[in-house]
Amino acid sequence: MSALFDPIEPYETGRLPVGDGHVLYYERSGRRGGRPVVFLHGGPGSGAGARHRRYYDPQHWDIILFDQRGCGRSTPFLSLEANTTAHLIADLDVLRRHLGLERWTVFGPSWGSTLAIAYSQAFPETVEALVVEAIFLGTRSECDWFHSRRGAGAIFPDALERLFDSVPDEISANTQRFQRWALDQMMLELAEGAPALDRLSPDTPLSQLEQSWLYRWSAYEERIAHLDRPPDQIRADFTANGADWIKAHSLIEAWYFAHDCFLAPGELLANAERLTLPVRIIHSRYDVVCPSRAAFHLAEAAPDARLEIVPSSGHIMTDQAHALVVETFTELSAEGR
């Protein structure tokens, strides 16, 4: 039985110009006029979906979802122009003011936690409470871990060597160089129309799909995000997600990784004292994508932080993690914050 609330539909959708030619898709569901909570999706580039409406009691919360620049239903699709962390922080406050909200609760998992922390540090007066899951602080060491033989590749060497197949040794040996190189491969592929993704189906040979760097990048992440996920199951999952999801997730994530997430070294921890508000941290012990040390560092640095560890889960939320998120929002509801 799912720990989440029942599926619901939005009571309002809209499109919001935020500058630089970007227009964000946003939606609201739950209780009109209720206590506002905004969900920040991961990736970056993954987009928001129907499941993300289900962490909160819809009788209490006014639930706000939106797609960040370049992905999902926001336009222009796949645009990297004026697409940085600073732009996304500014977009959030444009959305808040557009909706006429003085304050809101902010929730983000994975990359969404990075953006949620950065936004809360920039605009602490607008945030009632901060809930973050699968903490990623956007540091070079975390980006290096992701594609390093001494990092995630020490736990999933088969997955990393599959990713590095045909990559020159001098490139795979340096993670930032590899990330920039992979980004260039994706941009070339998109310029050619991403032909390998045109064949995406549950039966397409993996050897054909893995000609695509857009596919290969996200498939590697999916493999290590679960405690284990076989390649044929990933192919079936990605077929359901669709080629556009793969393009946005891979391209925009590689763009951010190649640029150190557009953050100064150690920025989010250095500014953690600005988080003078309730901070609720949820992290899975066996998260290979986002190692748990970041969650412990954040819990130590933020003045009013509480950390909950999910004992037997990877990066992708299990029912245990879902239950902790739901429980956290239930507690916040009861506190009346």
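None of the values given here were measured: they were computed from a predicted structure.

With 17 residues, helix α14 (residues 319-335) ought to run about 24 Å at 1.5 Å a step, and its terminal C-alpha atoms sit 24 Å apart, in line with that. What α14 keeps buried is the set A321, H322, L324, V325, V326, T328, F329, L332 and S333. Those residues of α14 that are buried lie in contact with β3 (35-39), β4 (61-66), β5 (104-109), β6 (127-133), β7 (279-284) and β8 (305-310).

Moving on: the sheet that holds β5. Spatially, 8 strands are ordered β1-β2-β4-β3-β5-β6-β7-β8 in an open sheet, and the strand pairing comes out mixed. Only two strands of the sheet have a single neighbouring strand rather than two, namely β1 (12-19) and β8. Shown here is a sheet whose adjacent strand axes are inclined to one another by a mean of 20°, direction ignored. Sheet topology note: the β1/strand β2 (residues 22-30) ladder contains 7 bridges and is antiparallel. Bridge pairing in β2 places G14 opposite Y26. On top of the sheet, α14 reaches β3, β4, β5, β6, β7 and β8; it is set at about 155° to β8, its chief contact.

Here the focus is the pattern of salt bridges. One pass over the structure, following the stated rule, counts 20 salt bridges. D67 is paired through a salt bridge with R73; the nearest N and O atoms lie 2.9 Å apart. The class of D67 is buried, set by a relative accessible area of 0%. The class for R73 is partly exposed, based on a relative accessible area of 34%.

The rules behind the values
- Residues numbered from 1 in each chain as written.
- Predicted model: local features only at pLDDT ≥ 70, side-chain atom pairs only at ≥ 80, totals over all residues.
- Heavy atoms only, no water.
- Helix = DSSP H or I, 4+ residues; strand = E, 2+ residues; numbered from the N terminus.
- Expected span 1.5 Å × (residues − 1).
- Buried < 20%, exposed > 50% of the residue type's maximum accessible area, 1.4 Å probe, protein only.
- Contact = heavy atoms within 4.5 Å.
- Pairing = 2+ DSSP bridges.
- Axes fitted to C-alpha atoms, helices over the stretch in contact; angles between N-to-C directions.
- Salt bridge = Lys/Arg side-chain N within 4 Å of Asp/Glu carboxyl O.

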